Structure formats: C-alpha cells, structure tokens
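Residue-level structural notes
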Amino acid sequence: MNTQNTVEIIPYSADLKEHIKTLNIEWLQKYFRVEEKDELVLSNPQEEIIDKGGMIFYAKYNDAILGTVSLMKIDENTFELSKMAVSDKAQGLGIGNKLLVHSVAVAEENNIKKLLLYSNRILLPALHLYEKFGFVEVRLEDVSYERADIKMEKTIS
C-alpha cells in the first residue's frame, strides 16, 4: 500500500508545536479574528492542553501536517473537541472526517462519556460534519469565545 497518499493521524509532539497555531490562525483570520484565549492556547499547547490532561492530534499527508484537533479536558468524563483546523490546501481529502473518527475512537478508548464543542453557524460544512458524527445542538451558556454561537454535544456510549 502506498502510504504517501493516505492521511495519517499522529499524536502531538514538541517538534510539531507550531502547527496547531498556524493551522488555527489560518482559518480564524479568514472567518473571525484571533481572540486572546486563542493566542494563549495556541502559543502554549503543551501547558494549556496536554498538561491539563488533554490531547492534540495532527493529520499528516505526504509528510505535511494539514490538519489538527484537540481534546481539552473539562472533567474526568467530559472533553471539549477544540482547535480543529484543516488547511485550505487540503480541502477534499476527508481530513476533518478522519480527525473526528480518531477523536471519537480515542474518547471511547479513554472512557470519556461526553464530547462537546463550540462553533459558529456560518461554518456550515463543519456543522454538517459534526451532525454526521452524532453531535446535537444543546443550550449555549456562557462561552469563552465571542465567535461561538452554537454548542453541540455527543454522548459516547
């Protein structure tokens, strides 16, 4: 099998630190703005995500990192699906889909009971993808991002 043309999901490592920032800032600047909290988390992924019990994954294709997703720990049973970004030049490769498949599998393996996410209603392709994976809209309470206007959850059985 030619692994050159397959998308591989790999875990975070310090040498890949910059990718979570560059991938997320690319789309944030396109649709919204980079908020203070984005800057903090994206500049310090080890401290803000990993050290707090979370996980970061990357999508690698032809030796390039073209996508990322994070599972940020809220409590023992609940993680936030966050900082998901796919490079514009990788659209159509199914990377968002693969990142979600991997995230749900990791949640199941780690006995995580619920995944939640915050998004924005203008991001229709993303919302359709989340719905396809069984995320349903729930009431939006106080949110830490001004761009967030929808909250979705998925219960992991």
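Let me begin by describing the structure that accompanies this report. Source: prediction; values computed, not measured.

This part covers the overall build of the protein chain. When helices and strands are tallied, the protein chain shows 5 helices and 7 strands. Each helix (α) and strand (β) of the protein chain, taken in turn from the N terminus, gives the series β-α-α-α-β-β-β-α-β-α-β-β. Against the compact-globule benchmark of 15 Å for 157 residues, the protein chain has a radius of gyration of 15 Å, which places it among compact chains. Dimensions of the protein chain, computed from C-alpha atoms along their principal axes, come out at roughly 45 × 35 × 30 Å. Considering the protein chain as a whole, with its 157 residues, one finds that 46% of them fall into the buried category.

Turning our eyes to something else, we now look at the side chain of Lys154. Turning to its location among the elements, Lys154 is positioned in strand β7 (residues 150–155). No salt bridge is formed by the buried Lys154. Its closest oppositely charged neighbour is Glu108, at 6.3 Å. Engagement of the side chain of Lys154 in a polar contact is seen with the backbone oxygen of Phe133, the distance being 2.8 Å. The residues contacting Lys154, other than those within four sequence positions of it, are Val104, Lys113, Lys114, Leu115, Phe133, Gly134 and Phe135.

Take the packing of aromatic side chains next. Within the structure shown, the criterion is met by 4 aromatic pairs. With a centroid separation of 6.4 Å and 45° between ring planes, the pair formed by Tyr31 and Phe32 is classed as tilted. The partly exposed category is assigned to Tyr31, whose relative accessible area is 41%. We classify Phe32 as partly exposed; its relative accessible area is 22%. Taken together, the aromatic side chains of Trp27, Tyr31 and Phe32 make up a single cluster linked through ring pairs.

Quick look at the packing of helix α1 (residues 17–31) against helix α2 (residues 36–43) now. Axis separation between α1 and α2 bottoms out at 8 Å; the angle between their running directions is 155°. By the criterion of interaxial angle, the relationship of α1 to α2 is roughly antiparallel. Only Asp38, Glu39, Leu42 and Ser43 of α2 make contact with α1, whose side of the interface consists of Lys17, Ile20, Lys21, Asn24, Ile25 and Leu28.

Conventions we followed
Within any chain, residue numbers begin from 1 and follow the written order of that chain's sequence. Whole-chain, interface and lining totals are the exception, using all residues; otherwise, since this is a predicted model, local features are given only for residues with pLDDT of at least 70 and side-chain atom pairs are given and counted only at 80 or more. Side-chain numbers here rest on the full set of heavy atoms in the structure, without hydrogens or water. By the criteria applied, helices consist of DSSP H or I runs no shorter than four residues and strands consist of E runs no shorter than two, each listed in order from the N terminus. Here the radius of gyration uses the C-alpha set of atoms, whereas the globule reference equals 2.2 Å times the residue count to the power 0.38. Type-normalised accessible area, obtained with a 1.4 Å probe on protein chains alone, sets the label of each residue: buried when under 20%, exposed when over 50%, and partly exposed for intermediate values. Only four residue types enter the charge count, namely Lys and Arg as positive and Asp and Glu as negative; His and the chain termini do not. A pairing counts as a salt bridge when a side-chain nitrogen of Lys or Arg comes within 4 Å of a carboxyl oxygen of Asp or Glu. A 3.5 Å cut-off defines polar contacts: any pair of N or O atoms within that distance qualifies, except that in protein one atom must be a possible hydrogen donor and the other a possible acceptor, and neighbouring residues in sequence count only when both atoms are side-chain atoms. In this analysis, two residues are considered to be in contact whenever any of their non-hydrogen atoms come within 4.5 Å of each other. Aromatic contacts are taken between Phe, Tyr and Trp rings whose centres are within 6.5 Å, Trp giving its six-membered ring; a plane angle under 30 degrees counts as stacked, one over 60 as edge-to-face, and the others as tilted. Geometry is summarised by axes, namely lines fitted to C-alpha atoms with helices restricted to the contacting stretch, and by angles between N-to-C directions that run from 0 to 180 degrees. An angle below 35 degrees is read as roughly parallel, one above 145 as roughly antiparallel, one from 65 to 115 as roughly perpendicular, and any other as oblique.

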